[in-house]
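Commentary on secondary and tertiary structure
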Amino acid sequence: MAEQNRATVAVTGVTGALGGRVAPRLAGLGVPQLLVGRSPDRMPDLPGAERRGPAAYADADAMRKALQGASTLILVSGHRTGRRLEEHATAVEAAIAVGVDRVLYVSLVGAAPVATYLNARDQWATEQFLAGAGAGAGAGIRYTVLRAGFYTSTPAALADEEFVVSGPASTGRAAFVTHEDIADVITAVALDQGPRSEHDGATLEITGPEALTVGEAVTRIAAATGRPYRFEPETVEEAFARRWRRGMSGEQIETWISWYQAIERGEISAVTDVVPRLTGSPATPIADAAWWPAPNTARGVA
Ligand SMILES: NC(=O)c1ccc[n+]([C@@H]2O[C@H](COP(=O)([O-])OP(=O)(O)OC[C@H]3O[C@@H](n4cnc5c(N)ncnc54)[C@H](OP(=O)(O)O)[C@@H]3O)[C@@H](O)[C@H]2O)c1
């Protein structure tokens, strides 16, 4: 193994979809890791990896303890709580306090102060905090923002029991990307462990190979899975009313409708070369995704 790959990488979110894919990749490459999270008992058992915690992002003491000895922190954004900026900022400050050299923050495409997708707003706020921490922390912590594209799996998870995906989006497009490609890019950036990296201070938008309408994405998922997925566009008014009748909370309704609206407004449509440039392989077309979730399993859907 090259000397440059030996610094210890702390990885959060390892009980989840992204961190749970990054940690095995790093373990397979012989990178020493600290797996940091709220439930060490649910973390994977990986060679060269030490489970640390319990440590929630908002718990400064626990995060400082868990991050002791790490050079790089891969900070996977936490669940939306209404306090996500504070939680992420506390985690970053803990990293700075114990001498972590750089933070790779896993954000979201479309992150902006007035992003249509509600989940993208506090991602942007965290990015700003991180840039400020990098500029103002004495020696300055190095950081890279990795904006993950919308998952290829999400349209399948949004389908109802009849495999129908409904939402207020018709002509807008999104460059859906697989979890595997996102994990490969995060891993590649984490491995770039020299004293300086071309990714320092960069924002990398990790996208799939083409921008698809939700209808096109659903058609391709149907072909790939052999299941009768179909897309039914609805008006914003129909979208609110139907979700309310299904018993979703107001917050869930607003969040999921904003997901479709962000696509409709073209905020997620950019296609970048980040996956091929950093991994050496083309981005995976939606039809070739490695797995599909069951219908009606999107987080926050009643
Ligand atoms: N790109 C997309 O389309 C997309 C889709 C969905 C979500 N996201 C965003 O990307 C993030 C990661 O995605 P994912 O698919 O890996 O999500 P996921 O499967 O829900 O996993 C989230 C991980 O973050 C951990 N976590 C959440 N809040 C935390 C906190 N306050 N303190 C410590 N750990 C915390 C969770 O730990 P526990 O096991 O303890 O809960 C879990 O390991 C999500 O949290 C969300 O912000 C992106």
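Conventions we followed
- Residues numbered from 1 in each chain as written.
- Predicted model: local features only at pLDDT ≥ 70, side-chain atom pairs only at ≥ 80, totals over all residues.
- Heavy atoms only, no water.
- Helix = DSSP H or I, 4+ residues; strand = E, 2+ residues; numbered from the N terminus.
- Rg over C-alpha atoms; globule rule 2.2 N^0.38 Å.
- Contact = heavy atoms within 4.5 Å.
- Areas by Shrake-Rupley, 256 points an atom, 1.4 Å probe, with all protein chains shown as cover.
- Lys, Arg positive; Asp, Glu negative; His and termini not counted.
- Charge placed at Lys NZ, Arg CZ, Asp CG, Glu CD.
- Phe/Tyr/Trp six-rings, centres within 6.5 Å; stacked < 30°, edge-to-face > 60°.
- Buried < 20%, exposed > 50% of the residue type's maximum accessible area, 1.4 Å probe, protein only.
- Near = heavy atom within 4 Å.
- Polar contact = N/O pair within 3.5 Å; in protein donor to acceptor, adjacent residues only side chain to side chain.
- 1 Å grid on protein atoms, 1.4 Å probe; cavity = no way out; pocket = protein on both sides within 12 Å on 5 of 7 lines; lining within 4 Å.
- Sits in = over half its atoms within 2 Å of the grid points.
- Nonpolar A, V, L, I, M, F, W, Y, C, P; charged D, E, K, R; others polar.
- Salt bridge = Lys/Arg side-chain N within 4 Å of Asp/Glu carboxyl O.
- Points joined across faces, edges and corners; volume = space filled by probe spheres on them.
- Expected span 1.5 Å × (residues − 1).

1. Let's talk about the overall build of the chain
In terms of helices and strands, the chain carries 10 helices and 9 strands. For the chain, the C-alpha radius of gyration of 19 Å lies close to 19 Å, the compact-globule estimate for 302 residues. Oriented by its inertia axes, the alpha-carbon framework of the chain measures out at about 50 × 35 × 35 Å. In the chain, of all internal contacts separated by at least 6 residues, the share reaching a separation of at least 24 is 74%. As presented, the chain carries roughly 12,700 Å² of accessible surface, and 50% of it is formed by carbon and sulfur atoms. Averaging the positions of the 28 positive and the 34 negative side-chain charges in the chain gives two centres separated by 3 Å.

2. Remarks on the packing of aromatic side chains
Going through the model one piece at a time under the given rule, you end up with 6 aromatic pairs. Ring centres of Trp-259 and Tyr-260 lie 4.9 Å apart, and the angle between their planes is 85 degrees; this geometry places the pair in the edge-to-face category. This pair shows no difference in class: Trp-259 is buried, exactly as Tyr-260 is. Among the aromatic residues, those joined into a cluster by ring pairs are Tyr-117, Phe-150, Phe-176, Trp-256, Trp-259 and Tyr-260.

3. Some words on the site of the ligand
The full set close to the ligand counts 24 residues, and Thr-15, Ser-77, Gly-149, Tyr-151 and Arg-299 are the nearest of them. Between the ligand and Ala-17 there is a distance of 2.8 Å, counted from an oxygen atom to a backbone nitrogen or oxygen. One of the side-chain N or O atoms of Arg-38 is found 2.8 Å from an oxygen atom in the ligand. For the ligand, the protein covers 85% of the area, taking 880 Å² as the surface of the free molecule. When atom positions are compared with the pocket grids, the ligand is found to occupy the largest pocket. Its residues placed into classes, the shell around the ligand shows 11 nonpolar, 8 polar and 5 charged.

4. Observations concerning the pattern of salt bridges
On inspection of all chains with the given rule, the structure shows 17 salt bridges. Here the salt bridges do not stand alone but share partners, grouping Asp-101, Arg-142 and Asp-200 into one network.

5. What about the layout of surface pockets?
Counted as a void, the largest pocket has a volume near 1,500 Å³. The wall of the largest pocket is formed by 50 residues, among which Ser-77, Gly-78, His-79, Tyr-151 and Arg-299 lie closest to the centre. Those elements giving two or more residues to the lining of the largest pocket turn out to be α3 (84-97), β5 (102-108), α5 (154-158) and α9 (250-264). Across the lining of the largest pocket, the residue classes tally to 21 nonpolar, 22 polar and 7 charged.

6. A short note on α3
Two residues of an α-helix separated by three or four positions point the same way, owing to the 3.6 residues in each turn. Here α3 is 14 residues long and its end C-alpha atoms lie 20 Å apart, about the 20 Å a rise of 1.5 Å per residue gives. Along α3, the residues that are buried comprise Arg-84, Glu-87, His-88, Ala-89, Thr-90, Ala-91, Val-92, Ala-94 and Ala-95. Positive backbone phi, at 85 degrees, marks Gly-99, one or two positions downstream of α3.

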